[in-house]
Structures are given as structure tokens and as C-alpha cells.
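# Residue-level structural notes
Residues per chain are reported as follows:
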Amino acid sequence: MSQVIIIGGGLAGLVSSILLSRNGLATVLIEKKKYPFHRVCGEYISNEVVPFMKHHGLYPDTADPIRISKFTLTAVNGREAHLPLDLGGFGISRYRLDHFLFRKATASGVQFLNTTVNSVSLEGDRFRVATDHETLEGDVVIGAFGKRSKLDKALDRSFIKRRSPYIGVKYHIEYNRHPDDTVALHNFPEGYCGISRIEEGRYNLCYLSERTNLKDHGQIPKMEEQVLSRNPWLEDIFSSARFLFDKPEVINEISFETKRPVEHNILMCGDAAGMITPLCGNGMAIAIHSAKLAAETVTRHLKGASFSRDALEMEYAAQWNAMFKTRLWAGRQIQQLFGAAWLSNAAVGICRNISPLANYLMKKTHGKPFR
Ligand SMILES: Cc1cc2nc3c(=O)[nH]c(=O)nc-3n(C[C@H](O)[C@H](O)[C@H](O)COP(=O)(O)OP(=O)(O)OC[C@H]3O[C@@H](n4cnc5c(N)ncnc54)[C@H](O)[C@@H]3O)c2cc1C
């Protein structure tokens, strides 16, 4: 029987593994961390994924997702704009969602290996995937190892050679002055911070900042006090919320550079194929949608009369580009509106006074609901 190896068990890896296994393909998923675990993410998921997740029994309705239908944007000076969200979304922690999908994957027959992949190569018509413990062989490899992995270095991918200026920080907090149906994006100099409800009365507080802010202030608490708190909305959160983690989740070197959907014969999926800027609130939807695309394309080719790797790779790359390339490009353009104080004021002005333009920009980064 053909074997598919998936590297990375975030949303892209978990969802593609479930679909492939349910389609009757032997599927191995290799994830270096142990579920459940926290990861840096704003934890607001666009509703475009809901019909798909419900159709496949993957919508975590027993796990209490929070419905979010409004958007608030504030400038560094605290000036605010409010917009309805075209599609809306829901809030749930990755700790809970990924663990829920991990259990679904196990029940669907996916074989899990809790180890790190160090290298991948195609030898003849078989892949060799070397982990810390063993070398596996497979017919198809899906790369779902996220925005940045040691494996990108081993594969010599071009984006990894350039440094990225961004860091990401996440907390879960208790805070009673934010409406449950709203996701807010509060700007601060050289960054922005999102807040939205997740389960059990908690809120996700997650920000993206240029690394220079941290370099200038030495430590995260100092940076939050001196830079983020220049926005009065953030000042209120940082001074009055109850922070529930012992220390924040932090990641470095977040890159929005273009990547290629197929490299070294690996079908890249989710952030490994390209990451949309977090302010669009859309990375998780793209990870899930690209997992569907990868699983369906691989199934069709492996179960077809004769298998051609070239045809599989060409079809996947063409469809990935058609579905996601423009959205990622639009995200990069909108990202430029944030950071500088005067630009964030202008962005709030656009939302307040030219809401059709703001809606248009928002729609450009979002897809349509899919099944
Ligand atoms: C600050 C910030 C805020 C965000 N906020 C939002 C938001 O509110 N809404 C939204 O939709 N999106 C948001 N995103 C984007 C979203 O988090 C990602 O797009 C999404 O998690 C991508 O899923 P993925 O499965 O591709 O990767 P990931 O979820 O990153 O999963 C990759 C997995 O691969 C594993 N891995 C890596 N290397 C190896 C290896 N060599 N061997 C084995 N395992 C490996 C990792 O441990 C990880 O579990 C945000 C991102 C950032 C940085």
C-alpha cells in the first residue's frame, strides 16, 4: 500500500492526515512536540472553514468555540474604528483545537511519531525521511512543518537565509473589559496586538512586534510597559488583566516572504508553503484549506491508474497558487499600513470614513466558505 508521510502536526498536518487516512491511505504524521501544547497564535479562526469542519466531523462544537462577528481597530493614540466582520469567525485555543484534531486523527487510523525530522530526500521513487530515531520510507511527503523549521535549513530553502524582523508573543488572560463578540487589533509603534475571547472565559492576547522594540528595551515586560502601553487600550490590558501563563509563549524570526508550494518534491502545506500576515486572521483557515487541497490531490494521484510524480506536483502547485497566492500578497500589502504611528492612524481613518474600502481590503485576504 502507498504510504504518505506528513511532517508537522499543526492544523495543516493534522487535517491532511485525517483526510488521507479516511481515504484509505497509510498515513504517518511526525510531530516533534507532545500534545496538548500551546503555540503562538491569535486563536481567531475565520468562519470560512466551518462548513468543511462540520462536514468532516472536525468542528469542535463540544469544546465551546466562541462566535466573533465584530472588529475593532485602534491607532497608537487610542483612536478607534469599528467594523462588522464580513464572515466572522470563532475563538478557541490551539491547545484545545489541536488536541481535539489529534484525537480525531488517532481515531481515523493515523500513525503518530513523536520525534523530529532532520532530513528528507527522494531516492529513486521513494522518499527517505530521517528522524532522531529512525529512517522511514514513503511514496509522498507533505511538508506541514510551519513558518520556520530546522528542516527549512536542511532543505536549503531560500527564505531561511534572510533574517526576519518580527517576533510573536502570546498570553492567555482574564480581562473583563473586552466584548466577547469582538476581535480587536491595537496598534503600537512597530507592531500590533490582537485580543479575542477563547474558551472558559479566557482571552487570547497575542502580538507581533519588530525585534528592534525588544532590542531597545532589553526585556519583554519593559517593552510592554514602554512601547505597547503607549496605546491606552493596551495600557489598560497590561495594567489590569490577570495573566495566566507563568511566562509568555514567544517565537522569533517570523517571515512573510514568498515560498514555493513544492520544493525538493515535498508538497508544502499551511505556513510551510507561505504565511499570511497575522493581522488578516486567516493563517489557520489557509492551513486547513491547503490541507484539504493536499489530501484530495494526493489521494487522486495515488489511487489513479498510474502514478506520475511530475503530474502530482504540477497540479498541486497550480492549484495552491490559484487559491492562495493573491491572498498572501494582499496580506503583505495591508501589513505595510501597520507599525508607523501615522500609518496606523490613517488605517483607523480609512475604517472610520471609507468603510467600503476597508471591507474591500478585508475581503481580499479572505477566502469563501468551502466544504
Ligand atoms: C503572532 C501570530 C498571530 C497569529 N494569529 C492568528 C489568528 O488569530 N488567526 C489565524 O487564522 N492565524 C493566525 N496566525 C497564523 C497561524 O498561527 C498559522 O498560519 C497556522 O498555525 C499555520 O498552521 P500550520 O499547520 O501550517 O503550522 P503550525 O501550526 O506552526 O504547525 C507546524 C508544526 O510542525 C512541527 N514541526 C516543525 N518542524 C518539525 C520537524 N522538523 N519535525 C517534526 N515536527 C516539526 C511544529 O512543532 C508544529 O507543531 C498567527 C500567527 C502568528 C505568528
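Residues numbered from 1 in each chain as written. Predicted model: local features only at pLDDT ≥ 70, side-chain atom pairs only at ≥ 80, totals over all residues.

Our focus in this paragraph is the domain arrangement of the protein. Structurally, the protein comprises domain 1 (1-43 + 93-162 + 256-334) and domain 2 (45-92 + 163-254 + 336-371). If you average the C-alpha positions of domain 1 and of domain 2, the two centres end up 26 Å apart. The interface of domain 1 with domain 2 comprises 33 residues on the first partner and 39 residues on the second. Taken together, the elements giving at least two residues each to the side of domain 1 that touches domain 2 come down to helix H1 (11-22), helix H3 (94-107), helix H8 (283-302) and helix H9 (309-335). Each residue belonging to the side of domain 1 that touches domain 2 can be placed in one class, and the counts come to 16 nonpolar, eight polar and nine charged. (Domains from an automatic or database assignment. Contact = placed C-beta atoms within 7 Å. Helix = DSSP H or I, 4+ residues; strand = E, 2+ residues; numbered from the N terminus. Nonpolar A, V, L, I, M, F, W, Y, C, P; charged D, E, K, R; others polar.)

Among the 41 residues in the neighbourhood of the ligand, the closest are listed as Gly8, Gly10, Gly42, Gly270 and Gly283. Contributions of two or more residues to the shell around the ligand are made by H1, strand S3 (44-46), helix H4 (150-154), strand S14 (203-210) and H8. Examining the composition of the shell around the ligand, we find that four residues originate from one element, H8, more than from any other. Residues that form the shell around the ligand fall into these classes: 21 nonpolar, 13 polar and seven charged. (Near = placed C-beta within 6 Å.)

The sheet contact formed by strand S4 (residues 66-74) and strand S5 (residues 80-91) spans eight bridges and is antiparallel. Counted as the bridge partner of Thr72 is His82 from S5. Judged from the five bridges that link them, S4 and strand S12 (residues 182-188) form a sheet pairing that is parallel. Within the sheet, the bridge partner assigned to Thr74 lies in S12 and is His186. (Pairing = 2+ DSSP bridges.)

What follows covers the nonpolar core. Counting residues in hydrophobic clusters, the biggest one holds 97 residues, and the most contacted among them are Ile7, Val15, Val141, Ile142, Cys269, Ala291 and Ala294. Counting contributing residues, this core receives three or more from each of domain 1 (1-43 + 93-162 + 256-334) and domain 2 (45-92 + 163-254 + 336-371). What Ala294 contacts, discounting residues up to four positions off in sequence, is Ser16, Ile142, Leu267, Cys269 and Tyr316. (Core = buried A, V, L, I, M, F, W, Y, C linked by C-beta atoms within 7 Å. Buried ≥ 20, exposed ≤ 12 C-beta atoms within 10 Å, placed from the backbone.)

For the rest of this paragraph, the subject is the packing of H8 against H9. To characterise two packed helices, one gives the angle between the axes of the helices and the distance between these axes. At a closest axis distance of 10 Å, the pairing of H8 and H9 adopts a crossing angle of 160°. Classed by the angle they form, the pair H8 and H9 counts as roughly antiparallel. The way H8 lies across H9 gives a crossing that is right-handed. On H9, the residues touching Ile286, His289, Ser290, Leu293, Ala294, Thr297, Val298 and His301 of H8 are Ala311, Leu312, Glu315, Tyr316, Gln319, Trp320, Met323, Phe324 and Arg327. Classifying every residue of the contact of H8 with H9 gives ten nonpolar, five polar and two charged. (Axes fitted to C-alpha atoms, helices over the stretch in contact; angles between N-to-C directions. Parallel < 35°, antiparallel > 145°, perpendicular 65-115°, else oblique. Left-handed = near helix turned anticlockwise from the far one by under 90°.)

Cis geometry is found at the peptide bond from Tyr35 to Pro36, where omega equals -10°. Looking at the secondary structure, you find Pro36 in the loop between strand S2 (26-30) and S3. One non-glycine residue, Glu200, adopts positive backbone phi at about 55°. Mapped onto the elements, Glu200 comes out in the loop between strand S13 (191-197) and S14. A count of 12 C-beta atoms within 10 Å places Glu200 in the exposed class.

Here we come to H9. Spanning 27 residues, H9 covers 36 Å between terminal C-alpha atoms, matching the ideal 39 Å at 1.5 Å per step. Within H9, the axis deviates most sharply at Phe324, by approximately 40°. Of the residues making up H9, those classed as buried are Leu312, Tyr316, Trp320, Phe324, Leu328, Ala330 and Gly331. (Expected span 1.5 Å × (residues − 1). Bend = angle between axes of the 7 residues up to and from the residue.)

We now examine the packing of H1 against H8. Where H1 meets H8, the closest approach of the two axes is 8 Å, and the angle between their N-to-C directions is 35°. Crossing of H1 against H8: the hand is right-handed. Contact with H1, carried on its side by Leu11, Ala12, Val15, Ser16, Leu19 and Leu20, involves Met284, Ala287, Ile288, Ser290, Ala291, Lys292, Ala294, Ala295, Val298 and Thr299 of H8 and no other residues of that element. Across the contact of H1 with H8, the residue classes break down as twelve nonpolar, three polar and one charged.

Strand order in the open sheet made by the six strands is S6-S2-S1-S10-S18-S17, with mixed pairing throughout. The sheet terminates laterally at strand S6 (111-113) and strand S17 (262-263), the two strands that pair on one side only. Relative to S6, S2 runs parallel, the two sharing three bridges. Bridge assignment links Leu29 to a residue of S6, and that residue is Phe112.

The subject of this paragraph is the sheet that holds strand S8 (residues 126-131). Pairing is antiparallel in the open sheet, where three strands are placed in the order S7-S8-S9. Unpaired on one side and paired on the other, strand S7 (117-123) and strand S9 (135-138) mark the two borders of the sheet. Shown here is a sheet whose adjacent strand axes are inclined to one another by a mean of 20°, direction ignored. Direction of pairing for S8 relative to S9: antiparallel, over a ladder of four bridges. Bridge pairing in S9 links Arg128 to Glu137.

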